[in-house]
Amino acid sequence: MTGFPRYAIYFAAGSDSRLSRFGAELLGYDAYTGDELSFPKDALHVAPDWRDISSDPRKYGFHGTLKAPMAASPGTTEADLIGACTAFAAKARPIPVIRPIVDAISGFIAVIPAEPVDALQQLAADCVRDFDAFRAPLTADDRARRKPEKLSERQRDYLDRWGYPYVMEEFRFHMTLTGRLDAERRGPILEMLRARFAALKLETLAIDRIALFKQDDARAKFRIVGEWALAR
């Protein structure tokens, strides 16, 4: 079993942002407050089993991954990790700005960039490298759960080096809204989610902060324990 607590470095859009409310309502969970929320009526109308459809992303909270969940490295503390987040955010860097859209990615539906943004790829790579000292080594069971036999050679190399296969060139920013869906179910749900997202009138999105998420045990959802604006 993976060690606990687990931590992750994610992008979250801010507790009062329209995007955060959009995601929290659809997942039925607010990672800022820990509150369970009622699902929107239009989601339940198009998919009465919306609770099941959204169950996978719900436990993580609405986010974009920058450094994937990790058990804490022996000898490091949460205070150490918070200090590292503070130092990371204080380093001036180009702030990535994306044009967000809702689309399918690898069978699930997420908010994703309409086109690649180099500064976002760099931010994610920096997070992977700079926070790796806080990651406990991958266990054999954890590695097996990633099904390395189904990964590419580069993805397996990244899994062994960084504890997660979808980093560096393999990284694709996404803020997940559903679990994997069969193609025949995906269409109506994608249409509903795009209509809800369009109502936000969110033409651009600055990836301008990092948040530290924490999962206390295997049954717990991730909660935000800190958030830092990135220096420009």
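Everything below is about the structure shown above.
Residues numbered from 1 in each chain as written. Predicted model: local features only at pLDDT ≥ 70, side-chain atom pairs only at ≥ 80, totals over all residues. Heavy atoms only, no water.

Draft legend 1. Focus on the pattern of salt bridges. In this structure the tally under the stated criterion is 19 salt bridges. Linking Asp-103 and Arg-194 is a salt bridge whose minimum nitrogen-to-oxygen distance equals 3.1 Å. Taken together, the residues span a long stretch of sequence, with Asp-103 in strand β4 (residues 100–105) and Arg-194 in helix α9 (residues 183–198) at a distance of 91 residues. A salt bridge links Arg-154 to Glu-170, with the nearest nitrogen and oxygen atoms 2.9 Å apart. In this pair, Arg-154 is assigned in helix α8 (residues 153–162) and Glu-170 in the loop between α8 and β6 (175–176), connecting sequence segments 16 residues apart. On the basis of relative accessibility, which here comes to 18%, the residue Glu-170 falls in the buried class. Within the structure, one salt-bridge network assembled from shared partners comprises Lys-67, Asp-132, Arg-135 and Arg-161. (Salt bridge = Lys/Arg side-chain N within 4 Å of Asp/Glu carboxyl O. Helix = DSSP H or I, 4+ residues; strand = E, 2+ residues; numbered from the N terminus. Buried < 20%, exposed > 50% of the residue type's maximum accessible area, 1.4 Å probe, protein only.)

Draft legend 2. Fine view of helix α1 (residues 18–27). Here α1 lies mainly inside the structure; 7 of its 10 residues are buried. Looking at α1, one finds that the buried residues are Leu-19, Ser-20, Phe-22, Gly-23, Ala-24, Leu-26 and Leu-27. Immediately downstream of α1, the backbone of Gly-28 shows phi near 75°, a positive value.

Draft legend 3. Quick peek at the environment of Arg-196. Following the sequence through the fold, Arg-196 ends up in helix α9. Counting along the chain gives 170 residues from Arg-196 to Leu-26, while the straight-line C-alpha distance between them is 9.9 Å. When residues no more than four places from it in sequence are discounted, the contact partners of Arg-196 are Phe-22, Glu-25, Leu-26, Pro-40 and Asp-42. Of note is the side chain of Arg-196, whose polar atom sits 3.0 Å from the side chain of Asp-42. (Contact = heavy atoms within 4.5 Å. Polar contact = N/O pair within 3.5 Å; in protein donor to acceptor, adjacent residues only side chain to side chain.)

Draft legend 4. Local environment of α9. When the terminal C-alpha atoms of α9 are compared, their 22 Å separation across 16 residues agrees well with the 22 Å that a helix rising 1.5 Å per residue should span. Within α9, burial applies to Ile-189, Leu-190, Met-192, Leu-193, Arg-196 and Phe-197. (Expected span 1.5 Å × (residues − 1).)

Draft legend 5. Up close: the layout of surface pockets. For the largest pocket, the calculated volume is near 1600 Å³. Around the largest pocket, the lining is made up of 50 residues, and of these Tyr-60, Pro-69, Arg-146, Tyr-164 and Tyr-166 lie nearest the centre. At the level of secondary structure, the elements contributing two or more residues to the lining of the largest pocket comprise β1 (6–11), α4 (55–58), β2 (64–71), α7 (140–145) and α8. If you tally residues by element for the lining of the largest pocket, the top one is β2, at 6 residues. Its volume calculated, the second largest pocket comes out at about 180 Å³. Every element with two or more residues in the lining of the second largest pocket is listed here: β5 (108–113) and α6 (118–130). (1 Å grid on protein atoms, 1.4 Å probe; cavity = no way out; pocket = protein on both sides within 12 Å on 5 of 7 lines; lining within 4 Å. Points joined across faces, edges and corners; volume = space filled by probe spheres on them.)

Draft legend 6. Here's a closer look at the packing of α1 against α9. Between α1 and α9, the least distance of the axes is 11 Å, while the angle of their chain directions is 150°. Classed by the angle they form, the pair α1 and α9 counts as roughly antiparallel. The handedness of the crossing between α1 and α9 comes out as right-handed. The segment α1 lies against α9, with Leu-19, Phe-22, Glu-25 and Leu-26 engaging Leu-193, Arg-196 and Phe-197. When grouped by side-chain class, the residues that make up the contact of α1 with α9 number 5 nonpolar, no polar and 2 charged. (Axes fitted to C-alpha atoms, helices over the stretch in contact; angles between N-to-C directions. Parallel < 35°, antiparallel > 145°, perpendicular 65-115°, else oblique. Left-handed = near helix turned anticlockwise from the far one by under 90°. Nonpolar A, V, L, I, M, F, W, Y, C, P; charged D, E, K, R; others polar.)

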